[in-house]
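Each chain is listed here by its residues.
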There are 2 protein chains.
Amino acid sequence: MARRTDALSKERIVEVATGILDAGGEDALTFRTLTTRLSTGYGAIYHHVANKGELLAAATDEVVSGVIAGLDGGADPREGLRALALGLFDAIDTHPWVGAQLAAQPSRPALLDVYERVGERLHALGVPEPSLFDAAGALVNYVLGVAGQNAANARVLAHDDADRSTYLATVAAQWEDLDPERYPFVRRAATRLADHDDRAQFLAGVDLILAGIGAVHGR
Amino acid sequence: MARRTDALSKERIVEVATGILDAGGEDALTFRTLTTRLSTGYGAIYHHVANKGELLAAATDEVVSGVIAGLDGGADPREGLRALALGLFDAIDTHPWVGAQLAAQPSRPALLDVYERVGERLHALGVPEPSLFDAAGALVNYVLGVAGQNAANARVLAHDDADRSTYLATVAAQWEDLDPERYPFVRRAATRLADHDDRAQFLAGVDLILAGIGAVHGR
DNA sequence: ACCTGAACACCGTTCAAGT
DNA sequence: ACCTGAACACCGTTCAAGT
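Being a predicted model, the structure only gives us computed values, none of them experimental. (Residues numbered from 1 in each chain as written. Chains lettered and ligands numbered in written order. Predicted model: local features only at pLDDT ≥ 70, side-chain atom pairs only at ≥ 80, totals over all residues. Heavy atoms only, no water.)

Caption draft 1: Here's a closer look at unusual backbone geometry. Unusually for a residue other than glycine, A:S39 sits at a positive phi of about 40°. What makes A:S39 exposed here is its relative accessible area of 63%. (Buried < 20%, exposed > 50% of the residue type's maximum accessible area, 1.4 Å probe, protein only.)

Caption draft 2: Representation of the protein's contact with DNA strand D within the structure. In the neighbourhood of DNA strand D, 18 residues make up the surrounding shell, with A:T40, A:G43, A:H48, B:R32 and B:K52 lying closest. Looking at DNA strand D alone, sugar and phosphate atoms form 47% of those within 4 Å of the protein. Within the side chain of B:K52, one N or O atom sits 2.5 Å away from a phosphate oxygen of DNA strand D. Contributions of two or more residues to the surface near DNA strand D are made by α3 (42-48) of chain A together with α2 (31-38) and α3 (42-48) of chain B. Broken down by element, the residue count for the surface near DNA strand D peaks at five residues, all from α3(A). (Near = heavy atom within 4 Å. Polar contact = N/O pair within 3.5 Å; in protein donor to acceptor, adjacent residues only side chain to side chain. Helix = DSSP H or I, 4+ residues; strand = E, 2+ residues; numbered from the N terminus.)

Caption draft 3: Up close: the relation of the copies chain B and chain A. Aligned on chain A, chain B shows an RMSD of 0.0 Å; the corresponding rotation is 180° and the shift along the axis is 0.0 Å. Look at the turn and shift together and you get a two-fold axis relating the two. The residues that chain B uses at the interface reappear at the interface of chain A in 98% of cases, marking a shared surface. (Least-squares fit on C-alpha atoms with pLDDT ≥ 70 in both. Contact = heavy atoms within 4.5 Å.)

Caption draft 4: Structural context of the UniProt feature "DNA-binding region" (unreviewed entry) in chain A. The sites that carry the UniProt feature "DNA-binding region" (unreviewed entry) are, in the present numbering, residues 30-49 of chain A. Span residues 30-49 of chain A is 75% helix and 0% strand, its end C-alpha atoms 14 Å apart. (UniProt positions renumbered as here; feature names shortened; annotations may be inferred.)

Caption draft 5: Representation of the protein's contact with DNA strand C. In the vicinity of DNA strand C, 18 residues are found, and the nearest of them are A:R32, A:K52, B:T40, B:G43 and B:H48. Restricting the count to atoms of DNA strand C within 4 Å of the protein gives a sugar and phosphate share of 48%. At a separation of 2.9 Å, a phosphate oxygen of DNA strand C approaches a polar side-chain atom of A:Y46. Contact distances for DNA strand C include 3.3 Å between a base nitrogen and a backbone N or O atom of B:Y42. Those elements giving two or more residues to the surface near DNA strand C turn out to be α2 (31-38) and α3 of chain A together with α3 of chain B. Residue contributions to the surface near DNA strand C peak at five residues, all from α3(B). Taken together, the residues of the surface near DNA strand C break down into seven nonpolar, nine polar and two charged. (Nonpolar A, V, L, I, M, F, W, Y, C, P; charged D, E, K, R; others polar.)

Caption draft 6: Just the packing of aromatic side chains, in detail. Applying the stated criterion to the full structure yields eight aromatic pairs over all chains. With a centroid separation of 4.8 Å and an interplanar angle of 25°, the aromatic rings of B:F89 and B:F202 are classed as stacked. You can see B:F89 sitting in helix α5 (residues 77-94) and its partner B:F202 sitting in helix α11 (residues 198-216), a full 113 residues away along the chain. Among the aromatic residues, ring-to-ring pairing joins A:F89, A:Y142 and A:F202 into one connected group. (Phe/Tyr/Trp six-rings, centres within 6.5 Å; stacked < 30°, edge-to-face > 60°.)

Caption draft 7: Representation of the interface of chain B and chain A within the structure. Contacts between the two partners involve 50 residues from chain B and, on the opposite side, 49 residues from chain A. Here chain B meets chain A over a buried area of about 4200 Å², counting both sides, of which 64% is carbon and sulfur. Our count for the chain B to chain A interface comes out at four salt bridges. B:R182 is the partner of A:D113 in a salt bridge, and the nearest nitrogen-oxygen pair spans 3.4 Å. Our enumeration of links across chain B and chain A arrives at 18 residue pairs in polar contact (both at pLDDT 80 or more). Within the residue set of the side of chain B that touches chain A, elements represented by two or more residues are α6 (96-104), α7 (108-124), α8 (129-160), α10 (184-192) and α11 of chain B. For the side of chain B that touches chain A, the leading source of residues is α8(B), giving 19 residues. Here the side of chain B that touches chain A is composed, by residue class, of 31 nonpolar, 11 polar and eight charged. (Buried area = accessible area lost by both parts, 1.4 Å probe. Salt bridge = Lys/Arg side-chain N within 4 Å of Asp/Glu carboxyl O.)

Caption draft 8: Representation of the nonpolar core. Among the nonpolar cores identified, the biggest contains 142 residues, and A:L34, A:L122, B:L34 and B:L122 are the most heavily contacted of them. Excluding its chain neighbours within four sequence positions, the residues that come into contact with B:L34 are B:I13, B:V16, B:A17, B:I20, B:L29, B:I45 and B:L55. (Core = buried A, V, L, I, M, F, W, Y, C linked by side-chain atoms within 4.5 Å.)

Caption draft 9: Main features of empty space enclosed by the protein. Tallied over the full model, the rule gives five cavities of 30 Å³ or more. Around the largest cavity, the lining residues are A:L81, A:L84, A:A85, A:L88, A:L102, A:L111, A:V114, A:V118, A:L139, A:V140, A:V143 and A:L144. Sorting the residues of the lining of the largest cavity by element identifies α5 (77-94), α7 (108-124) and α8 (129-160) of chain A as the ones contributing at least two each. A per-class count over the lining of the largest cavity returns 12 nonpolar, no polar and no charged. As for the second largest cavity, its lining consists of B:L81, B:L84, B:A85, B:L88, B:V114, B:V118, B:L139, B:V140, B:V143 and B:V206. Ranked by residues supplied to the lining of the second largest cavity, first place goes to α5(B) with four residues. (1 Å grid on protein atoms, 1.4 Å probe; cavity = no way out; pocket = protein on both sides within 12 Å on 5 of 7 lines; lining within 4 Å. Points joined across faces, edges and corners; volume = space filled by probe spheres on them.)

Caption draft 10: Structural detail: helix α9 (residues 164-176) of chain A. Helix length check: α9(A) (13 residues) gives 18 Å between terminal C-alpha atoms against 18 Å at 1.5 Å per residue, within 8%. Here α9(A) has its buried residues at A:Y167, A:L168, A:V171, A:A172 and A:W175. One side of α9(A) carries all its buried residues, which in axial view fall inside an arc of 135°. Next to the buried residues of α9(A) lie α8 and α10 (184-192) of chain A together with α7 of chain B. (Expected span 1.5 Å × (residues − 1). Arc of directions from axis to C-beta.)

Caption draft 11: Highlighting the UniProt feature "domain: HTH tetR-type" (unreviewed entry) in chain A. Taken from the UniProt record, the annotation "domain: HTH tetR-type" (unreviewed entry) applies to residues 7-67 of chain A. As annotated, residues 7-67 of chain A comprises 75% helix and 0% strand, and the C-alpha atoms at either end are separated by 28 Å.

Caption draft 12: Spatial organisation of the pattern of salt bridges. All names here are of chain B. Within this structure, the stated rule accounts for 18 salt bridges over all chains. The closest approach of N and O atoms between E15 and R12, which form a salt bridge, is 3.8 Å. In this pair, E15 and R12 both sit in helix α1 (residues 10-24), three residues apart, roughly one turn of the helix. Look at E15 and you get exposed, because its relative accessible area is 52%. Residue class for R12 comes out partly exposed when judged on its relative accessible area of 22%. Residue R82 is joined to E79 by a salt bridge in which the shortest nitrogen-to-oxygen separation is 3.7 Å. One end of the pair, R82, and the other, E79, are both in helix α5, three residues apart, so they sit about a helical turn from each other.

Structure below.
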């Protein structure tokens, strides 16, 4: 215990960066805070990491890899897809910056594993080859869309440091003030906002896409 | 014709900002380029616009409003939804920064109109009230996910200034080099990448979600 | 009321110099 | 090979001063 400070490594840098991102959001991660926390100079970090983008990508890959690793490979394909989607949702919920990163960057390694799992399970579900890529794309892009919105919500919440319920109440109030002629649907949606469960709605969307895949291809 | 330079206004600032964004991407828009192009000082811009975020949001709203305004209100609801989705896709294709903005920011006014149109048409399609919000969310989030990825692709393409086909060939080559044991699906996808149509795949995803909505709710 | 532009605080990144 | 930290180029934003 209490051994000497670890030598600097990419893993250590990514680990500390993840901590900063989790605690303070994307704006908190600067090379200045990073050098302070690691008690080194800029050059030491640039020796292990090409630039800030690569650092963010590596941290994102790390989180997504954790989600993939935690999956039950033998599950029923439909359940497996739901578990993968929910795993990503929950990871993004606890690390909102991952959502922003995934929505904004193809981020090769992380998303490749996601596509692979999705493709594998859709194949097991009996989706024929040509449609497989469209179906996988639909599912993954839906997840990425939600990821981006979740990250945006977290950003607003962190910035205004209001809690979730007062934030939802504010948005609901704004929506209810809209022109009833022009925004009837949005105004009706506002009344549902208070008892609204992001996670449940996310899963409902996944199920809708799965239902579409089932409807188009046998079952 | 050739009348005096327009007085500075928010509309004029947004117009010039849009031009800069279209020509050089998100990085090209700085307050320095903006003051030069408008031949004013920083304060003049800040007098009309609170900060850079508001400027980007206003420019995004402008583009999305254009898409909404171009829609045929009387179309068959299913066709109307496809037209709205395609309209957003095409707008993001020509203004990739709009995709990044929509994926990263709730951007109230712009997305409110989108949600309203989607809700209205799903209602016309016979989707019952409680599921309406889930279905609208699924559709919009899918569009936003694709928007973010499109913006990311455009960023890579602009930065490496390779053309689209060599870029796709590079990605395909990378995917084909992956471990066949671990990434069988991605490797098969690589062979499809060359003759791959982003727009057609996007529309296939929309149709899949619409099929899911139809399967879950009567027709 | 509206505009000007020097100045400020703060980024990411580089690089000569050290060990 | 790996690390240090002053320095550079470049942001967004402010604000005293002008008209």
